[in-house]
Amino acid sequence: MTSLKEICRGLPLNPLPENKGRRKGIPHAPVRTPNLTAQEKKLALRNALRYFPPEIQKKLALEFAEELRLYGHIYMYRFCPDIEMRAYPIGEYPCKTKSAAAIMLMIMNNLDPSVAQFPQELVTYGGNGQVFSNWAQFWLVMHYLSEMTEEQTLVMYSGHPLGLFPSHQRAPRLIITNGMVIPNYSSRDEYEKMFALGVTMYGQMTAGSYCYIGPQGIVHGTVLTVLNAGRRYLKAEDLSGKVFVTSGLGGMSGAQAKAAVIAGCVGVIAEVDEAALLKRHKQGWLMEISNNLDHCIARLREARKNKIALSLGYHGNVVDLWERLVHELDTTGELLVDLGSDQTSCHNPFNGGYYPVQLSFEEGKQLLSSNPAKFRALVQESLKRHVAAINKLADKGMFFWDYGNAFLLEAQRAGADVAKKGADKTEFRYPSYVQHIMGDIFSLGFGPFRWVCTSGDPRDLATTDSIAMAVLEDSIRQGVSTSVKQQYHDNIRWIREAGRHSLVVGSQARILYSDQKGRVSIAVAINRAISEGKIKAPVVLSRDHHDVSGTDSPFRETSNIYDGSAFCADMAVQNFVGDAFRGATWVALHNGGGVGWGEVINGGFGLVLDGSKEAEERAKMMLSWDVSNGVARRCWSGNAFAYETICQAMKENGTLRVTLPHQVLDENILEQAVKD
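Just so you know, these numbers come straight off a predicted model, no measurement behind them. (Residues numbered from 1 in each chain as written. Predicted model: local features only at pLDDT ≥ 70, side-chain atom pairs only at ≥ 80, totals over all residues. Heavy atoms only, no water.)

What about unusual backbone geometry?
Then comes step 1: Cis geometry marks the peptide bond from Asn-14 to Pro-15, where omega comes out at 5°.
Then comes step 2: Relative to the assigned elements, Pro-15 resides in the loop between α1 (4-7) and α2 (38-49).
Then comes step 3: Phi at Ser-158 takes a positive value of approximately 45°, unusual for a residue other than glycine.
Then comes step 4: Tracing the sequence through the fold places Ser-158 in the loop between β3 (152-157) and β4 (160-166).
Then comes step 5: The phi angle at Tyr-210 is positive, at roughly 65°, despite the residue not being glycine.
Then comes step 6: The topology assignment puts Tyr-210 in the loop between α6 (188-197) and α7 (216-234).
Then comes step 7: Residue class for Tyr-210 comes out buried when judged on its relative accessible area of 1%. (Helix = DSSP H or I, 4+ residues; strand = E, 2+ residues; numbered from the N terminus. Buried < 20%, exposed > 50% of the residue type's maximum accessible area, 1.4 Å probe, protein only.)

Quick look at the packing of helix α14 (residues 372-395) against helix α15 (residues 407-414)
Then comes step 1: Contact geometry of α14 with α15 gives a least axis separation of 9 Å together with a crossing angle of 115°. Classified by the interaxial angle, the pair formed by α14 and α15 is roughly perpendicular. Crossing handedness for the pair α14 and α15: left-handed. Within the contact between the two elements, α14 uses Gln-380, Leu-383, Lys-384, His-386, Val-387 and Ile-390 and α15 uses Phe-407, Glu-410, Ala-411, Arg-413 and Ala-414.
Then comes step 2: A class-by-class count of the residues in the contact of α14 with α15 yields six nonpolar, two polar and three charged. (Axes fitted to C-alpha atoms, helices over the stretch in contact; angles between N-to-C directions. Parallel < 35°, antiparallel > 145°, perpendicular 65-115°, else oblique. Left-handed = near helix turned anticlockwise from the far one by under 90°. Contact = heavy atoms within 4.5 Å. Nonpolar A, V, L, I, M, F, W, Y, C, P; charged D, E, K, R; others polar.)

Some words on empty space enclosed by the protein
Once rolled over the atoms, a probe with the size of a water molecule shows which space is left empty.
Then comes step 1: Enumeration over the complete set of coordinates arrives at five cavities of 30 Å³ or more.
Then comes step 2: Size it by volume and the largest cavity reaches roughly 80 Å³.
Then comes step 3: Taken together, 14 residues form the lining of the largest cavity, with Asn-47, Ala-48, Asn-134, Leu-197 and Gly-198 sitting closest to its centre.
Then comes step 4: Of all the elements in the fold, those that place two or more residues in the lining of the largest cavity are α2 and α6.
Then comes step 5: No other element matches α2, which puts three residues into the lining of the largest cavity.
Then comes step 6: Looking at the lining of the largest cavity residue by residue, the classes come out as seven nonpolar, six polar and one charged. (1 Å grid on protein atoms, 1.4 Å probe; cavity = no way out; pocket = protein on both sides within 12 Å on 5 of 7 lines; lining within 4 Å. Points joined across faces, edges and corners; volume = space filled by probe spheres on them.)

Details of the pairing of strand β14 (residues 539-543)
Then comes step 1: Within β14, five of the five residues are buried, leaving the element largely enclosed by the surrounding structure.
Then comes step 2: Burial along β14 is two-sided: Val-539, Leu-541 and Arg-543 facing one way and Val-540 and Ser-542 facing the other are all buried.
Then comes step 3: With five bridges joining them, strand β12 (residues 447-453) and β14 adopt antiparallel strand pairing. Directly across from Cys-453, in β14, lies its bridge partner Val-539. (Pairing = 2+ DSSP bridges.)

Some points on the packing of aromatic side chains
In this description, a pair of aromatic rings is defined by centroid distance and the angle of the planes.
Then comes step 1: Summed over all chains, the structure comprises 26 aromatic pairs.
Then comes step 2: Judged by centre distance (5.4 Å) and plane angle (75°), the ring pair of Trp-135 and Phe-138 falls under edge-to-face. One end of the pair is Trp-135 and the other is Phe-138, both in helix α5 (residues 135-147) and three residues apart, which spans about a single turn. Here Trp-135 matches Phe-138 in class, with each residue buried.
Then comes step 3: Look at Tyr-202 and Trp-597: their rings are 6.2 Å apart centre to centre, the planes differ by 55°, and that puts the pair in the tilted class. Pair noted here: Tyr-202 is in the loop between α6 and α7 and Trp-597 is in the loop between β16 (586-591) and β17 (601-609), with a separation of 395 residues, a long-range link.
Then comes step 4: We classify Tyr-202 as buried; its relative accessible area is 1%. (Phe/Tyr/Trp six-rings, centres within 6.5 Å; stacked < 30°, edge-to-face > 60°.)

A word on helix α20 (residues 570-581)
Then comes step 1: Along its 12 residues, α20 runs 17 Å from first to last C-alpha, staying within 8% of the 16 Å computed at 1.5 Å per residue.
Then comes step 2: Of all the residues in α20, the buried ones are Met-571, Ala-572, Asn-575, Phe-576, Gly-578, Asp-579 and Ala-580.
Then comes step 3: Check the buried side of α20 and you find it contacts β5 (174-178), β14, β15 (551-552), β16, β17 and α21 (613-636).
Then comes step 4: In the stretch just after α20, Gly-583 is the one whose phi turns positive, near 125°. (Expected span 1.5 Å × (residues − 1).)

Topic: the nonpolar core
Then comes step 1: Counting residues in each nonpolar core, the largest one holds 151 residues, and the members touching the most others are Ile-107 and Trp-451.
Then comes step 2: Considering each element in turn, this core owes the most residues, nine residues, to helix α4 (residues 98-110).
Then comes step 3: Core analysis: the second largest hydrophobic core is formed by 56 residues, Ala-270, Ile-297, Leu-408 and Val-600 among them. (Core = buried A, V, L, I, M, F, W, Y, C linked by side-chain atoms within 4.5 Å.)

Quick look at the UniProt feature "domain: Urocanase C-terminal" (unreviewed entry) in the protein
Then comes step 1: Sequence positions flagged by UniProt for "domain: Urocanase C-terminal" (unreviewed entry) are, in local numbering, residues 440-646.
Then comes step 2: Taken end to end, residues 440-646 is 50% helix and 17% strand, and its two terminal C-alpha atoms sit 13 Å from one another. (UniProt positions renumbered as here; feature names shortened; annotations may be inferred.)

Focus on the environment of Lys-258
Then comes step 1: Note on placement: Lys-258 falls in helix α8 (residues 255-263).
Then comes step 2: Since its relative accessible area comes to 8%, Lys-258 is described here as buried.
Then comes step 3: Placed 29 residues apart in sequence, Lys-258 and Met-287 show a C-alpha to C-alpha distance of 8.7 Å.
Then comes step 4: Apart from residues lying up to four places away in sequence, Lys-258 is in contact with Val-219, Gly-284, Trp-285, His-501 and Leu-503.
Then comes step 5: Within the structure, Lys-258 has its side chain in polar contact with the backbone oxygen of Gly-284 (distance 3.3 Å). (Polar contact = N/O pair within 3.5 Å; in protein donor to acceptor, adjacent residues only side chain to side chain.)

A few points about the pattern of salt bridges
Then comes step 1: In this structure the tally under the stated criterion is 45 salt bridges.
Then comes step 2: Arg-301 serves as the salt-bridge partner of Glu-334, at 3.0 Å between the closest nitrogen and oxygen. Of this pair, Glu-334 sits in the loop between α11 (318-332) and β10 (339-340) while Arg-301 sits in helix α10 (residues 293-306), placing them 33 residues apart in sequence.
Then comes step 3: Three or more residues are tied together by salt bridges with common partners; here these are Asp-294, Arg-301, Arg-304, Arg-324, Glu-328 and Glu-334. (Salt bridge = Lys/Arg side-chain N within 4 Å of Asp/Glu carboxyl O.)

What follows is the structure in structure tokens.
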């Protein structure tokens, strides 16, 4: 078994590790079909062999060519380390700086088999969200981090460590960019080719920025979404007896089962991959599993009648589940579902993110590699059936929303009936959950703030939970607006439930939807607790890129931006740059995220709190910008909640001055001007 010390020595070349190939008994990424020419295959091999000296290139070239032929990418399985991949306590990493050790911890957590979707292919979640492009990059990055000082910055180009460069103490220790492709060439087909060549990478959101914290990272947002969907669509605060039907139990989507139970409803979640179902069931995230639709309907009816909170995983295709619910409606007149959505990886529909109902899971995987064109046609046919069933149920009162996974976008491209008359191209028959549920929450400055206790001690996490709850309760006592108060109460409920529901998978981490004031106050309080010895080791702050200012995504995060700027990415790029010089320990900028390659630009950060006064000042400055940037943009687009929020922020900080929009109060002047 390899040790952390050995991991930090660089690529193991003398002797070469044994090539054990793909490991059995763990999930693997779908086979890619980049359709390279003979010359492009040679280029892919040449690019991969750049990491190795000439004396071993002949041996490696043969096996790399075989990987490219069999899997459509060179993962370098020979160099997959023989180590228990997990987040070790920060003190165990042989580094010269705590910042570097914290980054190593976060990387290894992203690749922990209990966390990662396809660990041997370096995929954390979403079907293709990579940490690195190949295992050589992993070894080099860990070596660089072990050697790094506070006067150096590691630069990452789409998984490739360009190197350590002279810097200064207040600069970020790590700068990450993923998929920064010239816009005219940012297509899916071009991506498959460039990824196979080893020159770009899809980092999703928190995979390629090393900030993933397991499915907990989306549980809180899913809980808030379901609660607010109940408030908006069902006019209900209490969701007991209400049924939520959805699909996907892989990476981020694995959160849905736990979120349904915390929200108090009956959740029925379809998943074609039995391994994903069993993983969530073993982790305690999914209460029951069945591959029998008759049983699923009976359990649904029973739980609904008795108002039992339940998460039931259906091992099968969600289209079959939706069509069965239509059959029940047609034959009994009973609408058995109140809320519906989808969390398949539809941002990646033709490479394993969505499996067609016409085939079994195994048949689908085989067809994907043998005949990708036919697979694509079946996916599009399946999407049309999928939407047709949803439409029938929605017409009778079921409320459906798009979960920002590009489901409606891909359904529209397939020819499904999802059009909304008179709408612009970012709107569909059903709303994005950002448009109708979470958009106003973002505009208030709330988003998925996170922290990781690097000691690995659950007691430290419990201490941070107590600190966060105390900060929220104190803020309520001091007085906040009604809309903010509701979110704070939801957050307090979440913290209490989080401790009871065993949400930790991998690192000792917590997520909390918080606004600017809350994030800064919690960070300062945690940093002081570290200084006072109440928390034993540094704490890493981060957030999902899916936030108020981290992401420009016209079909998700910024789908409620109606001033015509939905396809502009200034906000995410400015967020990345601004975080870098305001104190972030590392920053990341990606092309592609939850809705797919070429559809979004998103930025993220990591910030290490070590108990120092400097860490407190960094947190205050960086976290304030990280939220205000997005709120100011949403204010300028015309959002009333954002207008109020940014005005309040300016009152509290005299150095903040934001350009405020003037409303056009008389719409007639526009009509007249256009007419003339």
